[in-house]
Amino acid sequence: MKFTLGKQERLKSKKLLGKLYEEGKSIKVFPLRMVYIQTEHSSKFPVQVGVSVAKRNFKSAVDRNRLKRLLRETYRKEKYTVYDAVQKPHIFMISYIAKDHWSYADLALKMKKLLTLFVAEINKEENGKMNDTSKK
């Protein structure tokens with residue numbers, strides 16, 4: 001697996017973004033929040049991801065763009081944990097919810113925790129669905 005984050009892996013579709021925020025589930029590992037949903041998308045990759053930083057918390061575009069670059073980089077280095085565990089296509093948005101700057105090293109640790117929590121959640125959902133079908 002390549003450790004890249006190409007155009008096909010990024011979440012850009014307005015329809016998918018709308019569906020994500022309407023129907024998606026959320027998990028948090030401060031200062032990160034992930035909204036995710038299992039849905040089909042047009043990419044050949046199993047996951048499409050987007051990152052966001054609130055303008056309310058960081059007025060300067062320079063600060064927002066730096067934090068988004070850090071989020072994309074930490075995800076890019078840790079995405080193998082998600083790719084190894086996901087069987088069905090998912091989309092998710094990772095948001096930075098803190099009001100102050102965090103270092104790259106701290107963000108990398110939190111991203112790793114967030115992605116392992118996400119994997120645990122989807123595994124729990126899959127096991128829950130399997131148990132429901134076996135009871136019928």
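Computed from a predicted model, the values in this text were never measured in an experiment. (Residues numbered from 1 in each chain as written. Predicted model: local features only at pLDDT ≥ 70, side-chain atom pairs only at ≥ 80, totals over all residues. Heavy atoms only, no water.)

**Student:** Please set out helix 2 (residues 61–78) residue by residue, giving values where relevant.
**Tutor:** Between the first and last C-alpha of helix 2 there are 26 Å, a value that for 18 residues agrees with the 26 Å anticipated at 1.5 Å per step. Along helix 2, the residues classified as buried are Arg64, Leu67, Leu70, Leu71, Thr74, Tyr75 and Glu78. For helix 2, the angular spread of buried residues about the axis comes to 130 degrees, placing them on one side. (Helix = DSSP H or I, 4+ residues; strand = E, 2+ residues; numbered from the N terminus. Expected span 1.5 Å × (residues − 1). Buried < 20%, exposed > 50% of the residue type's maximum accessible area, 1.4 Å probe, protein only. Arc of directions from axis to C-beta.)

**Student:** An account of the pattern of salt bridges is needed here, citing residue identities and associated values.
**Tutor:** A side chain of one charge can pair with a side chain of the opposite charge when the charged atoms of the two come close. All told, the structure shown has seven salt bridges when counted by the stated rule. Here Lys88 ties to Glu126 by a salt bridge, and the two come within 3.9 Å at their closest N and O atoms. Here Lys88 is found in the loop between helix 3 (80–85) and strand 4 (90–96), whereas its partner Glu126 is found in helix 4 (residues 104–135), with 38 residues between them in sequence. Residue classification places Glu126 among the partly exposed positions, given a relative accessible area of 26%. The closest approach of N and O atoms between Glu121 and Lys124, which form a salt bridge, is 3.6 Å. With Glu121 and Lys124 both in helix 4 and three residues apart, this pair spans about one turn of that helix. Through salt bridges with shared partners, a single ionic network connects Glu73, Arg76 and Lys77. (Salt bridge = Lys/Arg side-chain N within 4 Å of Asp/Glu carboxyl O.)

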